[in-house]
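Now for the letters of each chain:
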Amino acid sequence: KAGVTQTPRYLIKTRGQQVTLSCSPISGHRSVSWYQQTPGQGLQFLFEYFSETQRNKGNFPGRFSGRQFSNSRSEMNVSTLELGDSALYLCASSLRTGGRETQYFGPGTRLLVL
Amino acid sequence: GENVEQHPSTLSVQEGDSAVIKCTYSDSASNYFPWYKQELGKGPQLIIDIRSNVGEKKDQRIAVTLNKTAKHFSLHITETQPEDSAVYFCAARRQAGTALIFGKGTTLSVSS
C-alpha cells in the first residue's frame, strides 16, 4: 500500500506571498493532520481534517488554513508568508478502528521563505 | 493543555550499547504514547507505541515502558547499530481524534 505523499517536496517563496501544499493520505484513511516542524519549536500541530471537516485546530494564526476533499486528499494554505514560516510541513494520515488511531507521516514539504 | 518533555536532547553511544530516552507528560488523561524515528530528509516513522492499559511493550530490539502514576514513558533500544542513528520523538494523546503532542526530540548517534 502506498504511503502518504506530499507535493511539492521543496518550495521557495518570498515574504508576502501565499503557498498551497498538498497531501494524499494512505488509501482508506479519512483523517489528515498537518504539523509544522522547525528546529526551535519541534513538531507543532496545525489542524486535522476528517471527512472534509476540521476536527481539531492548533494554536496558529488565521493565515494558516486547510481543507479536505471528498477523496480525503488535503491541502493547506499559508497566506502573507513571513520569514518565520520557513519550516518542514508534515502531513499525517490515520485510520480509526475500534477506538484506536495511528498516524503515519509523509516525507514533508520543505518551505523556505526569503 | 498537554505538555511533553523529552530527555536527553542528544545521546551518543557505541555500537552494541543500549540507549534510553525518557519523556514526561502533564495531562493525566493521555492514554496513547507513540515513538517516532526521523531520518534526515524523511518524515517521522512510527517505530512503537503503547496504550495506557499496558506497562511495557517490546518489538525485537526496541521496548517502551509506561509509568502512568509518575506520568513518564521511556524508549529502550538494545544492541544499537549505526542505522539506529536518527532523531527520535515521543508523543502523547488523550484519545483517538485528538492531536498528538510531541516532545522536542532526541538526536541519537551510534558510532561503530
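See the structure above.
Residues numbered from 1 in each chain as written. Chains lettered and ligands numbered in written order. Predicted model: local features only at pLDDT ≥ 70, side-chain atom pairs only at ≥ 80, totals over all residues. Heavy atoms only, no water.

Asks: In this structure, what is going on with the state of the cysteines? I would like to understand it.
Replies: Linking two cysteines covalently through their sulfur atoms gives a disulfide. Residue and element names in this part refer to chain A. Here the structure, examined in full by the defined rule, presents 2 disulfides over all chains. With a sulfur-sulfur separation of 1.7 Å, Cys23 is cross-linked through a disulfide to Cys91. Here the S-S torsion is close to -50°, and the disulfide linking Cys23 with Cys91 is therefore left-handed. Here Cys23 is found in strand β3 (residues 19-24), whereas its partner Cys91 is found in strand β9 (residues 87-97), with 68 residues between them in sequence. Of the two residues examined, Cys23 and Cys91, each falls in the buried class. (Disulfide = S-S within 2.5 Å. Helix = DSSP H or I, 4+ residues; strand = E, 2+ residues; numbered from the N terminus. Buried < 20%, exposed > 50% of the residue type's maximum accessible area, 1.4 Å probe, protein only.)

Asks: Please explain the sheet that holds strand β7 (residues 62-67) of chain B as it appears in this structure.
Replies: Adjacent strands of a sheet pair through backbone hydrogen bonds, lying either parallel or antiparallel. All names here are of chain B. Across the sheet, 5 strands lie side by side as β1-β3-β8-β7-β6; this open sheet has antiparallel pairing. On the outer flanks of this sheet lie β1 (4-7) and β6 (56-59), each paired with one strand and no other. The mean angle between the axes of side-by-side strands here comes to 15°, regardless of whether they run parallel or antiparallel. Sheet topology note: the strand β3 (residues 19-25)/strand β8 (residues 72-77) ladder contains 6 bridges and is antiparallel. Looking across to β8, one finds that Cys23 is bridged to Phe73. (Pairing = 2+ DSSP bridges. Axes fitted to C-alpha atoms, helices over the stretch in contact; angles between N-to-C directions.)

Asks: Please explain the pattern of salt bridges as it appears in this structure.
Replies: For side chains of opposite charge, pairing can occur when their charged atoms come near one another. Under the definition given, this model contains 12 salt bridges over all chains. Across the salt bridge formed by Arg67 of chain A and Glu75 of chain A, the nearest N and O atoms sit 3.2 Å from each other. Overall, the relative accessible area of 46% leaves Arg67 of chain A in the partly exposed class. For Glu75 of chain A, a relative accessible area of 16% puts it in the buried group. Here Arg51 of chain B ties to Asp49 of chain B by a salt bridge, and the two come within 3.9 Å at their closest N and O atoms. Residue Arg51 of chain B is classed as buried on the basis of its relative accessible area of 16%. Residue classification places Asp49 of chain B among the buried residues on the basis of a relative accessible area of 9%. Several salt bridges converge on common partners, so that one network encompasses Glu48, Arg55 and Glu101 of chain A. (Salt bridge = Lys/Arg side-chain N within 4 Å of Asp/Glu carboxyl O.)

Asks: Any chance you could explain the pairing of strand β9 (residues 86-92) of chain B here in plain terms?
Replies: Working note: regular strand, side chains alternate between the two faces of the sheet. All names here are of chain B. The buried fraction of β9 amounts to 6 of the 7 residues, a majority that puts the element mostly inside the structure. As defined by bridge partners, strand β4 (residues 32-38) adjoins β9 across 4 bridges and the pair is classed as antiparallel. Within the sheet, the bridge partner assigned to Gln38 lies in β9 and is Val87. In this sheet, strand β11 (residues 106-111) lies alongside β9 in antiparallel orientation, the contact comprising 3 bridges.

Asks: Whenever I open this one, the interface of chain A and chain B confuses me. Can you help?
Replies: Interfaces are often sized by the accessible area lost when the parts come together. Counting from both sides, the interface comprises 22 residues of chain A and, opposite them, 19 residues of chain B. For chain A, the biggest contributors to the area lost against chain B are Leu43, Glu101 and Phe105 of chain A; these three give 30% of the whole. At the junction of chain A and chain B, the tally comes to 0 salt bridges. Connecting chain A to chain B are 4 residue pairs in polar contact (both at pLDDT 80 or more). Of all the secondary-structure elements, those providing two or more residues to the side of chain A that touches chain B are β4 (31-38), β5 (42-50), β6 (53-57), β9 and β10 (100-105) of chain A. (Contact = heavy atoms within 4.5 Å. Buried area = accessible area lost by both parts, 1.4 Å probe. Polar contact = N/O pair within 3.5 Å; in protein donor to acceptor, adjacent residues only side chain to side chain.)

Asks: So what exactly am I meant to see when it comes to the sheet that holds β3 of chain A here?
Replies: All names here are of chain A. Strand order across the open sheet formed by 4 strands is β1-β3-β8-β7, with antiparallel pairing between neighbours. Both outer strands of the open sheet, β1 (5-7) and β7 (64-68), are each paired with one neighbouring strand and no more. Geometrically, the sheet is characterised by an average inter-axis angle of 20° between neighbouring strands, direction not taken into account. In the sheet, β3 pairs with strand β8 (residues 74-78) via 5 bridges, with the strands oriented antiparallel. Paired with Cys23 across the two strands is Ser74, which belongs to β8.

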